[in-house]
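Structural features, examined
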Amino acid sequence: MAERIGAVVITRNESVNIGPCLDSVAFCDERVVVDSFSDDDTVERACAKAEHVYRREFLHHADQKNWAVGQLDTEWVLVVDADERVPDDLAAEIRRHVESGAHDGWWIYRRNAFFGRFIRGAGWGRDRVLRLWRRDHGRYDDRLVHEEVRLDAGSSVGTCEHRLLHFSYTDWDSTFERLLSYSRSGALERARRGQRGSAGAVLFKAPGRFFRQYVLDAGWRDGLHGLVLCQWSALGVFLREARLLLGDFGNEALNGGPNSDPRVEYVQGRPPRDTSRAEEDDQAPVED
């Protein structure tokens, strides 16, 4: 029997994106959507295309994705964000890799758009994510931001030839909301790991980020889009370091948040399984 693939999408107010995203993973054997109590009709749209839909309070991305993966019944996991699309050539390649069983996980490069333009420079061409793996071989690590999948020791990893399409930055309201959220989570993650802020980091890290992306990584190749992107990236670094220096997060967040389990509501498909929240374990991280 051919091994099956289950797609996982976590959402929050993704009414515009969720339909096209789920259409792009229609080649998968089942689709699970876990929504963070959206204010729009994301859940209703998800129910029209996904087999299993749940609402769950959001702690952080790794925790939410691990819980969502725990709802699958398939041998393989494909995690896709709502603002991403799996083109037909990548879908066919994913099927071939799963059938071949050559590796336990697969890196996928992304083609990232910034306000309607696919970016060539600024280091974005090197952006890759481990989104396809054998379900019983790994889980997301306990990070508040830039979470990564940890595979079991000895697992083999390959790289897909075709790219995932990413349409994350389309309007300024959501872009600035993301900027503020990621800078806070980045500062909090560093504080959790015992790092402390410094005036030097606030002064020099943001200009250093701009120089690296715009000059060394050829962000200038993308014209005005590249200029704005690199300035935006530098601003995010400045806000992260400023938050870390000033301690711009509460003690509850620093200590890991409330102890109660997140609230879960069953919407469609299988009743939710009781899976534990994401915890750090002794698995070795995949080399990047």
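These notes cover the structure that comes with them.

Tallying each qualifying case throughout the model produces 13 aromatic pairs. Aromatic side chains Phe114 and Trp232 sit 6.3 Å apart centroid to centroid with 50° between the ring planes, which places their arrangement in the tilted category. With Phe114 in strand S6 (residues 105-114) and Trp232 in helix H7 (residues 223-246), this residue pair connects regions lying 118 residues apart in the sequence. The burial state of Phe114 is the same as that of Trp232; both residues are buried. Here the aromatic residues Phe114, Phe115, Trp124, Tyr169, Trp172, Phe176 and Trp232 are joined through ring pairs into a cluster of three or more. A cation sits over an aromatic face here: Arg111 above Phe118, 4.1 Å from the ring centre. The ring of Trp107 carries the charged tip of Arg128 above its face, separated from the ring centre by 4.1 Å.

With that out of the way, let us pick up the nonpolar core. In terms of nonpolar packing, the biggest core is built from 28 residues, with Val25, Phe27, Leu78, Val86 and Ile94 touching the most fellow members. Breaking this core down by element, the ones donating at least two residues are strand S1 (5-11), helix H1 (15-24), helix H2 (42-47), strand S4 (76-79), helix H4 (88-100) and S6. A total of four residues in this core trace back to one element, the largest contributor, which is H4. Residues within four places of Leu78 in sequence aside, it is in contact with Ile5, Gly6, Ala7, Val8, Val25, Phe27, Cys28, Val86, Ile94, Ile108, Arg131 and Leu132. One finds Val69, Val79, Trp133 and Tyr140 within the second-largest nonpolar core, a separate group that totals 18 residues.

Take the environment of Arg150 next. Position of Arg150 among the secondary structure elements: in strand S10 (residues 149-151). C-alpha of Arg150 to C-alpha of Asn17: the two residues are 133 residues apart in sequence and 28 Å apart in space.

What follows deals with unusual backbone geometry. Of note in the backbone geometry, Asn13 takes a positive phi value of approximately 55° without being a glycine. Within the secondary structure, Asn13 is located in the loop between S1 and H1. According to the relative accessible area criterion, Asn13 is partly exposed, its value standing at 34%. Positive phi values are uncommon outside glycine, yet Ala122 reaches one of about 65°. If you trace the backbone, Ala122 turns up in the loop between strand S7 (117-118) and strand S8 (128-134).

Scoring rules and cut-offs
- Residues numbered from 1 in each chain as written.
- Predicted model: local features only at pLDDT ≥ 70, side-chain atom pairs only at ≥ 80, totals over all residues.
- Heavy atoms only, no water.
- Phe/Tyr/Trp six-rings, centres within 6.5 Å; stacked < 30°, edge-to-face > 60°.
- Helix = DSSP H or I, 4+ residues; strand = E, 2+ residues; numbered from the N terminus.
- Buried < 20%, exposed > 50% of the residue type's maximum accessible area, 1.4 Å probe, protein only.
- Lys NZ or Arg CZ within 6 Å of the ring centre and 35° of its normal.
- Core = buried A, V, L, I, M, F, W, Y, C linked by side-chain atoms within 4.5 Å.
- Contact = heavy atoms within 4.5 Å.

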